[in-house]
Every structure is written in C-alpha cells, then in structure tokens.
Amino acid sequence: MTEAPGETAILPPEGFVLSSSRGAYSTHNGPYFHREIQGEATEHAFLALPRHANGLGLVHGGMLTSFMDGLLAAAVWRASRRSSVTIHLSIDFLHMARVGQWVFGESRVSRLTRDVAFVEGRAHTAGTDVVRASGVFKLMRKPAE
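S.K.: I tried to follow the overall build of the chain on my own but got confused; where do I start?
M.R.: Within the chain, the secondary structure is distributed over 2 helices and 9 strands. Its helices and strands in sequence order give the chain the pattern β-β-β-α-β-β-α-β-β-β-β, from N to C terminus. Whereas a compact globule of 145 residues would reach a radius of gyration of roughly 15 Å, the chain reaches 15 Å, a difference of no more than 12%. Viewed in the frame of its principal axes, the chain has a C-alpha envelope of about 45 × 30 × 30 Å. Taken across its 145 residues, the chain has 40% of its residues classed as buried. Roughly 8,100 Å² of accessible area belongs to the chain as shown, and the carbon and sulfur atoms make up 54% of that amount.

And the structure:
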C-alpha cells in the first residue's frame, strides 16, 4: 500500500508492488507499480488519480506519454542491463482512460544493437488499448549498477 501526498492509500492489484527505483520526475508523477511476468517481462501500472486528469476528467496525454516513456525504457533495461535515454518516442492515442481506472502497460525490445534499442509497447484499461508507443533509445556506455 502507498500514499501519494494528499491522497488516500492505494492498494495495487494482486502481484503488483510499488516501483521505488524511479527518478524524481516519475516518483513525483506516480506512484507506479510493477509485477514480474514470464521470465524477464514486466507489467507496469498506475491508478489514474484526479491529478493525472485534464479538464475533461480524462487521463492527460502527457501523463500517458510519460508512463509509456518509462515503460519502454524499462524494457531496454531488462534486455540490455544498461541505462538509456530516449532518442525518439512515437505515441498513438487509441482510446480514453478515466480517473479511477488502472492503466496497465507492457513493452518489449524489438531490436537491440551495441548502441541503440528499438522498443514497442502498449497501455490498456480493462482490456481496451489506450496508447500504443514505439521508441528508439540510446544505450549509455557505462552499464547501470
């Protein structure tokens, strides 16, 4: 269970734990959760809170974009065990996510070179795809510890 400042405790879905090793930006915008599935794969999630919404009560596109950027970067880490930075990010908004819904995402590396990773992923709520993303990430020279 975790609490965002000024909000009630959030109980994540079964098997999910708080993602605590994220940077300050993601920690501020979360909380984010994850669970291990099928070997090295990981599923990520966040509960759409009122502070994640636009004026229409829908999850803001910027929030979904930030979530997808982190989700794709997590796939790069799993595949390479190296930190990375985003070179290119492409987002397709497919459907709306609303406050109170859990947004789930998964991603995978489609190609990994010595210096660059190509990644794709999707986010969904209740089985409906909300966002599809693809990205290119620059692998940092020094492996992460």
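S.K.: Would you mind showing me how to read the pairing of strand β8 (residues 116-125) here?
M.R.: Every regular strand shows the same layout, with side chains that alternate between the two sheet faces. Counting buried positions over the 10 residues of β8 gives 7, a clear majority of the element. Pairing of strand β7 (residues 102-112) with β8 involves 8 bridges; the strand directions are antiparallel. Among the inter-strand pairings, arginine 108 is bridged to a residue of β8, identified as glutamate 120. Linking β7 to β8, which pair antiparallel, is a turn of 3 residues.

S.K.: So what exactly am I meant to see when it comes to the nonpolar core here?
M.R.: Note on soluble globular proteins: their nonpolar side chains tend to be buried together. Counting residues in each nonpolar core, the largest one holds 22 residues, and the members touching the most others are Phe46, Val59, Leu64, Phe67, Met68, Val103 and Val119. Counting only elements with at least two residues in this core, the list comes to α2 (61-80), β8 and β9 (128-143). In terms of residues, this core owes the most to one element, α2, which gives 8 residues. In this structure, Phe16, Phe33, Leu49 and Trp102 belong to the second largest nonpolar core, which totals 8 residues.

S.K.: Sorry, what's going on with unusual backbone geometry here?
M.R.: Working note: non-glycine residues mostly have negative phi, and peptide bonds are mostly trans. For the peptide bond that leads from glycine 30 to proline 31, omega is 5°, which places it in the cis range. Topologically, proline 31 is positioned in the loop between α1 (24-29) and β4 (33-37). Of note in the backbone geometry, arginine 81 takes a positive phi value of approximately 55° without being a glycine. As for its placement among the helices and strands, arginine 81 is situated in the loop between α2 and β6 (82-93). Positive phi values are uncommon outside glycine, yet alanine 126 reaches one of about 50°. Within the secondary structure, alanine 126 is located in the loop between β8 and β9. With relative accessibility at 75%, the residue alanine 126 sits in the exposed group.

S.K.: Hey, could you run me through the environment of arginine 82 in this one?
M.R.: Structurally, arginine 82 is set in strand β6. On the accessibility criterion, arginine 82 (19% relative accessible area) is buried. Residues arginine 82 and valine 131 lie 49 residues apart in sequence; the distance between their C-alpha atoms is 26 Å.

S.K.: What's the story with the packing of aromatic side chains in this structure? I'm lost.
M.R.: Each aromatic ring pair is characterised by the separation of its centres together with the angle its planes make. All told, the structure shown has 6 aromatic pairs when counted by the stated rule. A ring pair is formed by phenylalanine 16 and phenylalanine 104, whose centres lie 5.6 Å apart and whose planes are at 55°; its orientation type is tilted. With phenylalanine 16 in the loop between β2 (9-10) and β3 (17-18) and phenylalanine 104 in strand β7, this residue pair connects regions lying 88 residues apart in the sequence. As far as burial versus exposure is concerned, phenylalanine 16 and phenylalanine 104 are alike and both buried. Each member of the aromatic cluster is reached from another via a ring pair, and the members are Phe16, Phe33, Trp102 and Phe104.

Parameters at a glance
Residues numbered from 1 in each chain as written. Predicted model: local features only at pLDDT ≥ 70, side-chain atom pairs only at ≥ 80, totals over all residues. Heavy atoms only, no water. Helix = DSSP H or I, 4+ residues; strand = E, 2+ residues; numbered from the N terminus. Rg over C-alpha atoms; globule rule 2.2 N^0.38 Å. Buried < 20%, exposed > 50% of the residue type's maximum accessible area, 1.4 Å probe, protein only. Areas by Shrake-Rupley, 256 points an atom, 1.4 Å probe, with all protein chains shown as cover. Pairing = 2+ DSSP bridges. Core = buried A, V, L, I, M, F, W, Y, C linked by side-chain atoms within 4.5 Å. Phe/Tyr/Trp six-rings, centres within 6.5 Å; stacked < 30°, edge-to-face > 60°.

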